[in-house]
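If you want the building blocks of each chain, they are given just below.
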Amino acid sequence: MMLASVAPAGAQDTSIALRPRPAATAGAVAEGPTLDGDVLSDPAWAGAAPIEAFFQEQPQEGAPASERTEVRVIYTKDTLYIGAVMYDRDPSSIVVSDSRRDAPLDNVDSFRVVFDTYRDRQNGFVFGTNPAGVEFDGQVTFEGQGGGGMVGGGMQGTGSGSGFNVNWDGAWQVRTKTTEIGWTAEFAIPFRTLRFPAGTDQTWGVNFQRNIRRHNERSYWAPIPRQFNLFRVSLAGSIGGIRTPPARNFKLMPFVLGNAITSGVRPVDGETSGEVGGDLKFNLTPSLTLDGTINTDFAQVEVDDQQVNLDRFNLFFPEKRPFFLENAGFFSVGNPGEVDLFFSRRIGLGSSGEAVPIIAGGRVSGKAGRFNVGLLNMQTNDVGNRVPSNNFAVARISRDLPNRSSIGGIFVNRMATGNLAAADDQNQTFGLDGRLGVKQNTVVSGFLARTRTPDTIGPDVNFVAYNLRSRTNLRKLDVDVGYQQVGKDFNPEVGFLTRDGYRKGDVRVMTRFRPKRIFQELRPHVSVRSFWGFDGFQESGYAHIDNHWQFKDSTEVHTGVNLIQEGVRVPFEIYPGIFVPAGDYKNAEIQPVLMTNQAHPVSFNLQTNFGGFFSGHRRSINPTLRFRGGQSLTAEIAYSRNDVFLPQGAFVTNLVRTRLSYSFTPRIFAQSLIQYNDRADVWAVNLRVGWLQAANTGLFIVYNDTRGLYDFEPRRPERTDRSLIIKFSRMFDVLQ
């Protein structure tokens, strides 16, 4: 049996965040339901009292949801079940889209749940679906806020260091059904997929979210103010009565792979090869997991999106490889995308994205008593006579404190090994980090780090980096202030830096208004950041003044103005044969943006930049067209064009990216990614067919073809780089 209760909202003027949190009790059953999406007809749910009373966050903050939702939670000795009934008075208007795994749920009708299994009010597991039965899951760290800091426009992403890792894939199932009353969903989540404290009787933090897309509506069981979302687990409700089984989780995931490759200057003969390897997962305790890998392979991972670099700083490419993505947020220390003390792409990938063989590795991660613990060790092989083998080791420990606070440290080590290793070829990074929650709406965070590279000498300050920032997020006001310093010899070789040797200050102020007519929300804001060298020279300055105009139908218009200053110390080549001279450049540009309703079958985005650019000017257009054909077909074509006019010369860059995805079922898909990048002088094709089993194992067929355009160097030898890979992996649950 399950009991559900909702605490009273209190007085009408009580803040949503201050309302008492709702509570429920899950019930034990001897036998689970038949997983077919039919909640109301299955006798397994008969004794479960429904959790009801959802409240809107949008469009009418704090009002009851426009449609009724019922959620039931039961469990057997090894599996947690969630039955959700989304009543809808007009089922024909339900918005259904992509059914491929981890397809976005924001612009369709959807249902999501977050579990804060440790009740630390900072971290959690998210599971979700839509009427097409998509399996959507991810890990939340630090309530989705990531490492802090502003990169670019200051927007948070969904990568490993962003605070929400959508690339985590657990072993679980969901089935859905659409009827005349609306749509229903049944989740089956094995306890071994989750992590939780020792002990049998558990009370977890929990919240449920329902989206009704045609109303542009988001509603929650535990009410959430407009400035937060489902990841705000400190505002979640609770569910008790959960009796968890003993920790018994031992999974083996072997793979076999065949590869046909043709690579080299034409004419070149093809080669075939085969490989075997695998991963394992073993629960040392209910809270601590050992992951191992041997002859690690990531053939099924989608290739990187091409980028165009019109500046003199490093580009950031996110991690996509599954082994490194689990608990990746815990290993993230720094300012993601700008200063990362540990960046897993440094392991097994060369400087230009080429694969470096990984012999084996292991990771221990989870909780040990009051501490969060993470240990990682990976060994790579040498590459010909050019790249020596390396051992990578990472140790991470932290402790959660009350009110969203924490303190921790990290150690990262790289050491060359084998016959190709030079003497003392190693590098270490040492770091401390912490967060301090101040009441409900403010977090002060920071890190302090030092690197060590043999034979590099200089003042200690040159090897140090630190960041201190404060963010206050109120219902109508969001203020973010920070300061960061990176020494000129700070060198985290297993991390990531966009640049070094600077001091940086930044501030962002955003307000939110919800008018009663025409607009859903207005978000006027301003952000300023400035990079200064230690000699007082301003290397970059950026001021962004904007307002986001979101209409009732979700169409959105941005009216931005950017004031930009660039201090170039030494000339750099921005385009083959065209150099930007040293100097101080001050410019202004406008940045209009249009986004149509993303829930429509056809949607369109357009971002443009017009204005000064170094000693000349630039026109940049970035349109994206998306098409959705029911729950199976999605297509996207994105184009980026830069017309640059400088006294030293004019040039044009073109980048075209087309994506096509067809889902035969939520677990069988075909995808293509075709890219054309004339600045990189390349076009590339990535075709993938997948038949998924549990935890992202299964059958994968991958075809890659990369060819040069030969526009800049027409006389260079033509190459062929083409491969066909067939990979099959299977998960064996040894203890089941």
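As the structure is a prediction and not an experimental result, all values here were calculated from the model.

Go over the overall build of the protein chain, please, and point to the residues and values.
Check the secondary structure of the protein chain and you find two helices and 45 strands. Over its C-alpha atoms the protein chain spans a radius of gyration of 26 Å, differing by no more than 12% from the 27 Å that the globule rule assigns to 736 residues. Taken along its principal axes, the extent of the C-alpha atoms in the protein chain is 75 × 60 × 50 Å. Only carbon and sulfur atoms are counted for the fraction: they give 58% of the accessible area of the protein chain, which is about 30,900 Å². The positive charge centre, built from 78 side chains, and the negative charge centre, built from 75, are 4 Å apart in the protein chain.

Provide a residue-level description of the packing of aromatic side chains, including the pertinent values.
Here the structure, examined in full by the defined rule, presents 32 aromatic pairs. Arranged with centres 6.3 Å apart and planes meeting at 85 degrees, the rings of F191 and F196 form a pair that is edge-to-face. Considered together, F191 and F196 belong to a single accessibility category, that of buried residues. Each ring, one from F250 and one from F282, has its centre 5.5 Å from the other, and the planes form 85 degrees; the classification is edge-to-face. On the criterion of sequence distance, the pair formed by F250 in strand β16 (residues 250-265) and F282 in strand β17 (residues 271-285) is long-range, its members being 32 residues apart. What makes F250 partly exposed here is its relative accessible area of 25%. Its relative accessible area of 31% is what places F282 among the partly exposed residues. Three or more aromatic residues joined by ring pairs form one cluster here, namely F111, F125, F127, W168, W172, F187, F208 and W221. Positioned above the aromatic ring of F323 is the side chain of R363, whose terminal nitrogen or guanidinium carbon lies 4.6 Å from the ring centre.

Lay out the nonpolar core with the relevant residues and their values.
If you look at the biggest cluster of nonpolar residues, it comprises 34 residues, and the most contacted ones within it are F111, F115, F127, F187, W204 and F208. Of all elements in the fold, only β5 (69-75), β6 (79-87), β7 (110-116), β8 (124-129), β12 (182-190), β13 (201-212) and β15 (237-243) reach the threshold of two or more residues within this core. Counting residues in hydrophobic clusters, the runner-up holds 27 residues, among them L341, I347, L376 and V412.

Any chance you could break down the sheet that holds strand β19 (residues 334-335) for me, citing the residues and the numbers?
Strand order in the open sheet formed by three strands is β19-β20-β29, with antiparallel pairing between adjacent strands. The open sheet terminates on both sides in strands that have one partner only, identified here as β19 and β29 (496-497).

Give a detailed account of empty space enclosed by the protein, specifying residues and quantitative values.
Inspection of the entire model under this criterion finds six cavities of 30 Å³ or more. Here the second largest cavity is characterised by a volume of approximately 620 Å³. Lining the second largest cavity are 39 residues, and of these M253, D279, P322, E326 and A695 lie nearest its centre. Looking at the lining of the second largest cavity, the elements that each hand over two or more residues are β16, β17, β18 (288-296), α1 (322-325) and β44 (719-729). Here the residues of the lining of the second largest cavity are counted per class, giving 13 nonpolar, 15 polar and eleven charged.

Please provide a residue-by-residue account of the pairing of strand β28 (residues 477-486), values included.
Sheet analysis places strand β27 (residues 464-473) next to β28, joined by nine bridges and oriented antiparallel. For R471, the partnering residue across the bridge sits in β28 and is D480. Turn length for the β27-β28 hairpin, with the two strands adjacent in sequence and antiparallel, is three residues. Alignment of β28 against strand β30 (residues 502-511), held across ten bridges, turns out to be antiparallel. Residue pairing for β30: Y483 is matched across the bridge by G505.

Pulling in residues and values, what's your account of the layout of surface pockets?
Of the volumes computed, that of the second largest pocket is approximately 490 Å³. If you trace the second largest pocket, you find 22 residues lining it, with R346, L349, G350, V387 and N390 closest to the centre. The residue inventory of the lining of the second largest pocket, partitioned by class, reads nine nonpolar, seven polar and six charged.

With reference to specific residues and values, describe the confidence of the model for the protein chain.
Predicted coordinates in areas of low pLDDT are best not read in detail. Scored by pLDDT, the protein chain has a mean of 90; 94% of the residues are at 70 or more. Overall, residues 1-14 carries pLDDT values under 50, and its contacts beyond four positions in sequence, including any with other chains, amount to 36 contacts. Below a pLDDT of 50 lies the segment residues 148-160, which in the model reaches 37 contacts outside its immediate sequence neighbourhood of four places, other chains included.

Let's hear about the pattern of salt bridges: which residues, and what values?
Scanning all chains against the criterion turns up 56 salt bridges. A salt bridge links D120 to K367; its shortest N-O distance comes to 3.7 Å. You can see D120 sitting in the loop between β7 and β8 and its partner K367 sitting in strand β21 (residues 358-368), a full 247 residues away along the chain. Here D120 falls in the buried class, since its relative accessible area comes to 14%. Overlapping salt bridges, with partners in common, bring together E57, R218, R514, E521, R523 and E556 in one network.

Please set out the sheet that holds β6 residue by residue, giving values where relevant.
Ordered in space as β3-β5-β6-β12-β11, the five strands form an open sheet in which the pairing is mixed. Only two strands of the sheet have a single neighbouring strand rather than two, namely β3 (27-28) and β11 (173-179). Sheet analysis places β11 next to β12, joined by seven bridges and oriented antiparallel. Residue pairing for β12: R175 is matched across the bridge by E186.

An account of the side chain of Q426 is needed here, citing residue identities and associated values.
In this fold, Q426 is placed in strand β25 (residues 426-438). Reaching out from Q426, the side chain makes a polar contact with the side chain of D424 at a distance of 2.8 Å. Engagement of the side chain of Q426 in a polar contact is seen with the side chain of Q428, the distance being 2.7 Å. Leave out the neighbours within four places in its chain, and Q426 touches R414, M415, R452, T453 and P454.

Can you lay out the side chain of E556 for me, pointing to particular residues and giving the numbers?
Tracing the chain through its elements places E556 in strand β33 (residues 556-568). Side chain to side chain, E556 and H558 meet in a polar contact 2.8 Å long. Residues contacting E556, with those up to four places away along its chain left out, are R523, H548, W549, Q550, V593, L594 and M595.

With reference to specific residues and values, describe unusual backbone geometry.
Cis geometry is found at the peptide bond from Q58 to P59, where omega equals 5 degrees. Among the secondary structure elements, P59 is positioned in the loop between β4 (55-58) and β5. For D455, which is not a glycine, the phi torsion comes out positive at approximately 70 degrees. Taking relative accessible area as the criterion, D455 reaches 75% and is therefore assigned exposed. Even without being glycine, I518 reaches a positive phi, approximately 70 degrees. Mapped onto the secondary structure, I518 falls in the loop between β30 and β31 (519-532).

Cut-offs used in this document
- Residues numbered from 1 in each chain as written.
- Predicted model: local features only at pLDDT ≥ 70, side-chain atom pairs only at ≥ 80, totals over all residues.
- Heavy atoms only, no water.
- Helix = DSSP H or I, 4+ residues; strand = E, 2+ residues; numbered from the N terminus.
- Rg over C-alpha atoms; globule rule 2.2 N^0.38 Å.
- Areas by Shrake-Rupley, 256 points an atom, 1.4 Å probe, with all protein chains shown as cover.
- Lys, Arg positive; Asp, Glu negative; His and termini not counted.
- Charge placed at Lys NZ, Arg CZ, Asp CG, Glu CD.
- Phe/Tyr/Trp six-rings, centres within 6.5 Å; stacked < 30°, edge-to-face > 60°.
- Buried < 20%, exposed > 50% of the residue type's maximum accessible area, 1.4 Å probe, protein only.
- Lys NZ or Arg CZ within 6 Å of the ring centre and 35° of its normal.
- Core = buried A, V, L, I, M, F, W, Y, C linked by side-chain atoms within 4.5 Å.
- Pairing = 2+ DSSP bridges.
- 1 Å grid on protein atoms, 1.4 Å probe; cavity = no way out; pocket = protein on both sides within 12 Å on 5 of 7 lines; lining within 4 Å.
- Points joined across faces, edges and corners; volume = space filled by probe spheres on them.
- Nonpolar A, V, L, I, M, F, W, Y, C, P; charged D, E, K, R; others polar.
- pLDDT = per-residue confidence, 0-100.
- Contact = heavy atoms within 4.5 Å.
- Salt bridge = Lys/Arg side-chain N within 4 Å of Asp/Glu carboxyl O.
- Polar contact = N/O pair within 3.5 Å; in protein donor to acceptor, adjacent residues only side chain to side chain.

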